[in-house]
Amino acid sequence: MTSLELEDLNNTDNNSDNNNSQKEQSNKKQKSKSINDSTKRTKNKTNKKKITLVIVAICLIAAAVIGGIYVAEFLIKKSSVDAMKELSDKANKTTSKATKKETSKSDDPKEYTLDEKYQYFKDKYGIDVPRKNLNFSDMQANTNSDIFAWLYVPNTNIDYPVLQCASDSDYYLHHNLDGSGPYPGCLYTDNVINKDLSDRLIAIYGHNNPNGIMFAQLHKYEKQDFMDKNRYFFVYLPDDIKV
């Protein structure tokens with residue numbers, strides 16, 4: 001073997017060693033890249049899970065808050081409706097009818113007692129005014145001092161006190177008998193209306209409530225037959241009746 005041939009063999013061995021070294025380095029780089037990619041994917045999955053958990057937590061908190069608000073509003077509405085029903089039940093307790101009395105008074109009902117006014121509407125107009133057991137002093141003292149009248153619409157559930165707030169005409173649009181709110185509110189008038197209802201034009205306001213209370217059942221008057229059979233509203237005052 002000549003020296004040239006030996007040199008060629010040495011070069012071949014060196015090249016082989018270099019190739020093996022390069023392959024090892026390449027394998028190491030690929031392994032390192034694979035580990036880094038795997039680590040990144042793991043971190044991304046972890047981050048996504050954290051984000052998902054945060055979103056779920058926020059949704060649960062929002063649902064709890066919204067649910068709490070709805071429950072609170074439901075309880076407020078129920079309390080208000082129960083209070084109205086209690087007053088209505090008291091107002092509709094059976095009362096003895098006053099016996100008819102002959103009177104020499106003028107034809108002006110302002111001069112009649114409350115019992116005589118029931119008879120006056122019967123004799124004068126043929127209207128049987130439903131009797132109510134209303135104690136305004138008790139309602140004002142124990143329920144709400146702003147109660148000044150009572151509205152009754154036959155063959156509906158409209159049988160409620162009417163209120164008036166001296167400082168804010170629309171107060172009872174969003175407040176109940178006990179001052180809570182916002183719904184169902186109360187029936188009320190503007191504070192410029194005289195409480196004896198002597199004004200020529202009087203408006204009583206109330207919600208068109210979706211659960212059928214307050215003024216919702218006024219929709220019954222959309223039917224002509226119902227209107228024909230229920231022509232009169234009745235407003236009761238401490239010492240007067242308006243028809």
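In case you missed it, the structure is sitting above this.
As the structure is a prediction and not an experimental result, all values here were calculated from the model. (Residues numbered from 1 in each chain as written. Predicted model: local features only at pLDDT ≥ 70, side-chain atom pairs only at ≥ 80, totals over all residues. Heavy atoms only, no water.)

## Description of the pairing of strand S4 (residues 234-237)
Alternating positions in S4 separate into two faces, Phe234 and Tyr236 on one and Val235 and Leu237 on the other, with burial throughout. Pairing of strand S1 (residues 147-152) with S4 involves 3 bridges; the strand directions are antiparallel. Counted as the bridge partner of Tyr152 is Phe234 from S4. Alignment of S4 against strand S5 (residues 240-242), held across 3 bridges, turns out to be antiparallel. Counterpart to Tyr236 in the pairing with S5 is Ile241. The turn joining S4 and S5, which pair antiparallel and follow one another in sequence, is formed by 2 residues. (Buried < 20%, exposed > 50% of the residue type's maximum accessible area, 1.4 Å probe, protein only. Helix = DSSP H or I, 4+ residues; strand = E, 2+ residues; numbered from the N terminus. Pairing = 2+ DSSP bridges.)

## Some points on the sheet that holds S4
The 5 strands are arranged S3-S2-S1-S4-S5 in an open sheet whose pairing can be described as mixed. Taken across any chain shown, the strands that pair with only one partner, and hence form the sheet edges, are strand S3 (187-188) and S5. Here 5 bridges tie S1 to strand S2 (residues 159-163), and the two strands are oriented antiparallel to one another. Following the sheet pairing, Ile147 is matched in S2 by Leu163. The strands touched by helix H2 (residues 114-125) are S4 and S5; relative to S5, the strand with the most contacts, the crossing angle is about 30°. (Contact = heavy atoms within 4.5 Å. Axes fitted to C-alpha atoms, helices over the stretch in contact; angles between N-to-C directions.)

## Here's the deal with the pattern of salt bridges
Side chains that carry opposite charge are capable of pairing whenever their charged atoms lie near each other. Scanning the entire structure with this criterion turns up 6 salt bridges. Residue Lys132 is joined to Asp159 by a salt bridge in which the shortest nitrogen-to-oxygen separation is 3.0 Å. You can see Lys132 sitting in the loop between H2 and helix H3 (136-142) and its partner Asp159 sitting in strand S2, a full 27 residues away along the chain. For the pair Lys132 and Asp159, one class covers both residues: buried. Asp225 is the salt-bridge partner of Lys229, the closest N and O atoms lying 3.5 Å from each other. Of this pair, Lys229 and Asp225 are both found in helix H4 (residues 224-229), 4 residues apart, which corresponds to roughly one turn of the helix. For Lys229, a relative accessible area of 62% gives the class exposed. One network of salt bridges, with partners in common, ties together Lys117, Asp240 and Lys242. (Salt bridge = Lys/Arg side-chain N within 4 Å of Asp/Glu carboxyl O.)

Shape descriptors only; they carry no functional weight alone.
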